[in-house]
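Spelled out, the chains give:
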Amino acid sequence: MDNRAIGVFDSGLGGLTAVCALGELLPSENIVYLGDTLRVPYGDKSRDELKLCAESDIAFLLSKDVKAILIACGTVSSTLEKEKLLSYGVPVFEVLTPAVEKALACTKNKKVGVIATAASIRAGAFERTLKESDREISVYPIACPKLVPLIESGNLAGAEIESALCEYLSPLKAVGIDTLILGCTHYPLLKDSISAFLGDIALIDIGFEAAKRVKAALRQSGSLCQDGGRVCFYVSGYEPSFKENAARFLGYELDKINKAVL
Ligand code: DGL
């Protein structure tokens, strides 16, 4: 048993999809959530900038004495060095590998789409990992730079979202993918519109797949929490808009948003 919290971070609101998944799968766990809203979006940053962001986010969560960290960000997960994950003294989970494994298990026609931030698509890690596991897979990666800024401004529906989705998803519809990795943790917030556009295909929620890994690992190491269920929120930037949007996405009011100095 370990009653310390699980640390979760993302650039902003997207990682809340992983917080929801953890809440569903591990309702007794405490969570410390960090949204790096001062530096959002991550998707237009260079690999070096992302490395610095990830280092300071992880250092912040470690300072809160967390027992494990979930990198609830496809962009950081796509660009970090895997060996680095073993160097923090607590288990650190990323969102890419579980999503790829789930996509491989789901696809029947071996046509898999990946939508993600520009930095993730440029890094090519989703595509590489899929193809390393199955050389017959055809991967269709699409960068979607308009989506995160729209979601961060609280925009989950309407003409702008619909037109951006039409632009990004039309080529995927045309080639007939049967599986789509939502390679950014913000995108499950648009799941209904994506489903409506693409019809009956498998949508892979990277935060949810990673949360399943966290659960399995904590259970295996005997580190589950017996007395918790509290979520403590930190943001590095402006708090009021985060509070308002997070409440909408999570479906409950947030008591307090703390300021994180990174
Ligand atoms: N939600 C993040 C991801 O999964 C970051 C998106 C961004 O800040 O551009 O990639």
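Structural data are supplied above this passage.
Residues numbered from 1 in each chain as written. Predicted model: local features only at pLDDT ≥ 70, side-chain atom pairs only at ≥ 80, totals over all residues. Heavy atoms only, no water.

Participant: Please explain the overall build of the protein chain as it appears in this structure.
Facilitator: Along its length, the protein chain carries 11 helices and 10 strands. For 262 residues, the compact-globule estimate of 2.2 N^0.38 gives 18 Å, and the protein chain sits close to it at 17 Å. Overall size of the protein chain, expressed as C-alpha extent along the three principal axes, is 50 × 40 × 35 Å. Looking at the protein chain residue by residue over its 262 residues, the buried ones come to 54%. A separation threshold of at least 6 residues defines the contact pool for the protein chain, and within that pool the share at least 24 residues apart is 74%. For the protein chain, the exposed area adds up to about 11,300 Å²; of that, 52% sits on carbon and sulfur atoms. Charge separation in the protein chain, taken as the distance between the mean sites of 29 positive and 33 negative side-chain charges, equals 3 Å. (Helix = DSSP H or I, 4+ residues; strand = E, 2+ residues; numbered from the N terminus. Rg over C-alpha atoms; globule rule 2.2 N^0.38 Å. Buried < 20%, exposed > 50% of the residue type's maximum accessible area, 1.4 Å probe, protein only. Contact = heavy atoms within 4.5 Å. Areas by Shrake-Rupley, 256 points an atom, 1.4 Å probe, with all protein chains shown as cover. Lys, Arg positive; Asp, Glu negative; His and termini not counted. Charge placed at Lys NZ, Arg CZ, Asp CG, Glu CD.)

Participant: Whenever I open this one, the site of the ligand confuses me. Can you help?
Facilitator: By nearness alone, 14 residues border the ligand, and Ser-11, Tyr-42, Gly-74, Thr-75 and His-186 come closest of all. One of the backbone nitrogen or oxygen atoms of Tyr-42 is found 2.6 Å away from an oxygen atom of the ligand. Thr-185 is positioned such that a nitrogen or oxygen atom in its backbone is 2.8 Å from an oxygen atom of the ligand. A total of 290 Å² of accessible area belongs to the ligand in isolation, and the protein chains cover 99% of it. For the shell around the ligand, the per-class residue count stands at 6 nonpolar, 7 polar and 1 charged. (Near = heavy atom within 4 Å. Polar contact = N/O pair within 3.5 Å; in protein donor to acceptor, adjacent residues only side chain to side chain. Nonpolar A, V, L, I, M, F, W, Y, C, P; charged D, E, K, R; others polar.)

Participant: What's the story with the side chain of Asp-10 in this structure? I'm lost.
Facilitator: For Asp-10, the location among the structural elements is in strand β1 (residues 6-10). Nearest to the buried, unbridged Asp-10 among oppositely charged side chains is Lys-45, at 11 Å. What Asp-10 contacts, discounting residues up to four positions off in sequence, is Gly-15, Tyr-33, Leu-34, Gly-35, Asp-36, Ala-72, Cys-73, Thr-185 and His-186. (Salt bridge = Lys/Arg side-chain N within 4 Å of Asp/Glu carboxyl O.)

Participant: Would you mind showing me how to read the side chain of Asp-205 here?
Facilitator: Mapped onto the elements, Asp-205 comes out in strand β8 (residues 202-205). One polar contact links the side chain of Asp-205 to the main-chain amide nitrogen of Phe-208, over a distance of 3.1 Å. Discounting residues that sit within four places of it in the chain, Asp-205 has contacts with Pro-188 and Lys-191.

Participant: Sorry if this is basic, but what is going on with the packing of aromatic side chains here?
Facilitator: Geometry of an aromatic ring pair is reported as the spacing of the ring centres plus the angle between the planes. The full count for this structure, using the stated rule, is 3 aromatic pairs. Pairing Tyr-33 with Phe-242 gives two aromatic rings, centres 6.4 Å apart and planes at 20°, and the pair type is stacked. Of this pair, Tyr-33 sits in strand β2 (residues 31-35) while Phe-242 sits in helix α11 (residues 239-250), and the two are 209 residues apart along the sequence. A relative accessible area of 0% places Tyr-33 in the buried class. Their ring planes at 70° and their centres at 5.0 Å tell us that Phe-60 and Tyr-234 sit as a pair that is edge-to-face. Of this pair, Phe-60 sits in helix α2 (residues 47-63) while Tyr-234 sits in strand β9 (residues 231-235), and the two are 174 residues apart along the sequence. Taking NZ or CZ as reference, Lys-173 lies 4.7 Å from the ring centre of Phe-197, over its face. (Phe/Tyr/Trp six-rings, centres within 6.5 Å; stacked < 30°, edge-to-face > 60°. Lys NZ or Arg CZ within 6 Å of the ring centre and 35° of its normal.)

Participant: Mind showing me how you'd approach the nonpolar core here?
Facilitator: Soluble globular proteins tend to bury their nonpolar side chains together. Among the nonpolar cores identified, the biggest contains 68 residues, and Leu-70, Ile-115, Leu-180, Ile-181, Ile-194 and Phe-242 are the most heavily contacted of them. Once residues lying within four places of it in the same chain are set aside, the contact partners of Leu-70 are Gly-7, Val-8, Phe-9, Ala-18, Leu-22, Phe-93, Val-95, Ala-210 and Val-214. Among the nonpolar cores identified, the runner-up in size contains 24 residues, and Leu-34, Val-90, Val-92 and Ala-260 belong to it. (Core = buried A, V, L, I, M, F, W, Y, C linked by side-chain atoms within 4.5 Å.)

Participant: Looking at this model, I keep getting lost on helix α6 (residues 125-133). Mind explaining?
Facilitator: Residues spaced three or four apart along an α-helix face the same direction, because each turn holds 3.6 residues. Of all the residues in α6, the buried ones are Ala-125, Phe-126 and Leu-130. The buried residues of α6 occupy an angular sector of 130° when projected down its axis, which confines them to one face. Close packing links the buried residues of α6 with α3 (74-79), α4 (96-106), β5 (111-116), α5 (118-123), β6 (138-143) and β7 (179-182). (Arc of directions from axis to C-beta.)

Participant: Where do I start with the sheet that holds β1 in this structure?
Facilitator: Through backbone hydrogen bonds, the strands of a sheet pair up, either in parallel or in antiparallel fashion. Spatial strand order, β4-β3-β1-β2-β9-β10: 6 strands in an open sheet with parallel pairing. Pairing within the sheet leaves two strands with one partner each, and these edge strands are β4 (92-93) and β10 (257-259). Bridge count between β2 and β9: 5 bridges; the pairing is parallel. Within the sheet, the bridge partner assigned to Gly-35 lies in β9 and is Val-235. Against the sheet, helix α1 (residues 16-25) touches β1, β2, β3 (68-71) and β9, its axis set at about 170° to β2. Its contacts with the sheet place α2 against β1, β2, β3 and β9, and it is angled at close to 155° to β1. (Pairing = 2+ DSSP bridges. Axes fitted to C-alpha atoms, helices over the stretch in contact; angles between N-to-C directions.)

Participant: Explain a positive patch on the surface here, please?
Facilitator: Together, Arg-47, Lys-82, Arg-122 and Arg-128 line one region of the surface with positive charge. Mapped onto the secondary structure, Arg-47 falls in helix α2. Residue Arg-47 is classed as partly exposed on the basis of its relative accessible area, which comes to 44%. (Patch = residues over 30% accessible without salt bridge, like charges linked within 9 Å, V, L, I, M, F, W, Y side chains within 5 Å.)

So yeah, pure geometry; function would need other evidence.
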